[in-house]
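# Reading the structure
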Amino acid sequence: MGTLCLTLRERPSQRVDLAPLSIDRVAGKSAAQVGAIELRAGNRAVRADALFDISGTTATEIEILNACDRLDRIGEGMSHGRLTVRGDAGAYLGAG
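Described in the following lines is the structure provided in the data block. None of these values were measured; they are calculated from a predicted model.

Moving on, we get to the nonpolar core. For soluble globular proteins, the rule of thumb is that nonpolar side chains tend to be buried together. L6, L18, L21, L39, F52, I64 and L71 are the most contacted members of the largest nonpolar core, which has 23 residues in total. For this core, the secondary-structure elements that each account for two or more residues are β1 (3–8), α1 (23–26), β3 (38–41), α3 (48–51), β5 (52–56) and β6 (61–67). Beyond its immediate chain neighbours, meaning those up to four positions away, L71 contacts L8, P12, V16, L18, F52, I64, A89, G90 and A91.

See below:
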């Protein structure tokens, strides 16, 4: 099974809502499709590939590298799979 790796390029200036990047929501998408997902960063939308280097597949695992405390709602609503966060996590980790 594959792992989707999201490597944060640099600490964002605003809090970022990562709920749209849970395994349930990205299953079956290519790295390019995941990169096109829009995330809320403060009061604006930003593409995932503007914040992260994205590689791998989305079969069963997501790994977030260089994570920081401004990444909120990581893994929200996950019903299956595995999530690994290397670094800090923001508010509402694994909510729902």
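In space, the four strands of this open sheet follow the order β4-β3-β2-β7, with mixed pairing throughout. Strands with a single pairing partner mark the edges of an open sheet, and in this sheet they are β4 (44–47) and β7 (71–72). Of the pairings in the sheet, the one linking strand β2 (residues 16–17) to β7 comprises two bridges and is parallel in character. Its bridge partner lying in β7, V16 is registered against L71.

The strands making up a sheet are joined through hydrogen bonds of the backbone, oriented either antiparallel or parallel. Spatial ordering of the open sheet is given by β5-β1-β6-β8, a layout of four strands whose pairing is mixed. What marks the edges here is a single partner per strand, and that holds for β5 and β8 (82–87). Recorded for the sheet is a direction-independent mean angle of 15° between the axes of neighbouring strands. The sheet contact formed by β1 and β5 spans five bridges and is antiparallel. Along β5, the bridge assignment pairs L8 with F52.

Attention now goes to empty space enclosed by the protein. Which parts of space are left empty comes out when a probe the size of a water molecule is rolled across the atoms. For the structure shown, the criterion picks out one cavity of 30 Å³ or more. The computed volume of the largest cavity comes to approximately 50 Å³. Of the residues in the lining of the largest cavity, the class split is nine nonpolar, two polar and no charged.

Moving on, we come to the pattern of salt bridges. Within the structure shown, the criterion is met by seven salt bridges. Put simply, D53 and R9 hold a salt bridge, and the shortest N to O gap is 2.8 Å. With D53 in strand β5 and R9 in the loop between β1 and β2, this pair connects stretches of sequence that are 44 residues apart. Using a relative accessible area of 47% as the deciding quantity, one classes R9 as partly exposed. Measuring nitrogen to oxygen at the nearest pair gives 2.7 Å for the salt bridge that ties R47 to D49. On the basis of relative accessible area, R47 is assigned to the partly exposed category, the value being 39%.

Checked against the element boundaries, S79 lands in the loop between β7 and β8. On the basis of relative accessibility, which here comes to 62%, the residue S79 falls in the exposed class. Spatially, the C-alpha atom of S79 lies 24 Å from that of R47, the residues being 32 residues apart in sequence. Separated by 2.7 Å, the side chains of S79 and D24 make a polar contact.

Reading the values: rules and limits
- Residues numbered from 1 in each chain as written.
- Predicted model: local features only at pLDDT ≥ 70, side-chain atom pairs only at ≥ 80, totals over all residues.
- Heavy atoms only, no water.
- Core = buried A, V, L, I, M, F, W, Y, C linked by side-chain atoms within 4.5 Å.
- Buried < 20%, exposed > 50% of the residue type's maximum accessible area, 1.4 Å probe, protein only.
- Helix = DSSP H or I, 4+ residues; strand = E, 2+ residues; numbered from the N terminus.
- Contact = heavy atoms within 4.5 Å.
- Pairing = 2+ DSSP bridges.
- Axes fitted to C-alpha atoms, helices over the stretch in contact; angles between N-to-C directions.
- 1 Å grid on protein atoms, 1.4 Å probe; cavity = no way out; pocket = protein on both sides within 12 Å on 5 of 7 lines; lining within 4 Å.
- Points joined across faces, edges and corners; volume = space filled by probe spheres on them.
- Nonpolar A, V, L, I, M, F, W, Y, C, P; charged D, E, K, R; others polar.
- Salt bridge = Lys/Arg side-chain N within 4 Å of Asp/Glu carboxyl O.
- Polar contact = N/O pair within 3.5 Å; in protein donor to acceptor, adjacent residues only side chain to side chain.

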